Amino acid sequence: MDKRLLDILCCPVSKTPVRPLSKHELDALNEAIAAGQVDSVAGTRVRERVAEALITTDRKVIYRVEDGIPVMLPEEGIGTTQLTAFPVAP
């Protein structure tokens, strides 16, 4: 992802800056999705594997990146509190 774009992006709700999800974090997220344990903020079950994502720097919300475009809609966020095996901060 373009560094300049990353520098201006933030959570649309809390205005917290975001950073790319690490490989460890992405793997943990996809394992939870495969197990059927992940819902979006809107309560919709996340069924599709995530190839790339951004996470708020406070590690509370994850936003998917599809085809290089961040999906920064509040209802599309994924709260990390539901991810019991989510790695500690890198």
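Up top you'll find the structure we're talking about.
So, how was this worked out
- Residues numbered from 1 in each chain as written.
- Predicted model: local features only at pLDDT ≥ 70, side-chain atom pairs only at ≥ 80, totals over all residues.
- Heavy atoms only, no water.
- Buried < 20%, exposed > 50% of the residue type's maximum accessible area, 1.4 Å probe, protein only.
- Helix = DSSP H or I, 4+ residues; strand = E, 2+ residues; numbered from the N terminus.
- Pairing = 2+ DSSP bridges.
- Core = buried A, V, L, I, M, F, W, Y, C linked by side-chain atoms within 4.5 Å.
- Contact = heavy atoms within 4.5 Å.

Draft legend 1. Examining the pairing of strand β3 (residues 61-66) more closely. Most of β3 sits out of view: five of its six residues are buried. Sheet analysis places strand β2 (residues 53-56) next to β3, joined by three bridges and oriented antiparallel. By the bridge assignment for β3, L54 is matched with Y63. In this structure, the hairpin formed by β2 and β3 is closed by a connection of four residues, where R59 is found at a positive phi of approximately 65°. Where β3 meets strand β5 (residues 78-79), two bridges bridge the pair, whose relative direction is antiparallel. Paired with V61 across the bridge in β5 is G79.

Draft legend 2. Region of the structure containing the nonpolar core. Counting residues in hydrophobic clusters, the biggest one holds 15 residues, and the most contacted among them are L21, L29, V38, I62, L83 and F86. Ranked by residues supplied to this core, first place goes to helix α2 (residues 23-34) with five residues. For L21, the contacting residues outside a window of four places in its chain are L26, L29, A53, L54, I55, I62 and F86. Judged by nonpolar contacts, the second largest core, of nine residues, contains L54, V61, Y63 and V65.

Everything listed is a geometric property; what it means functionally is a separate question.
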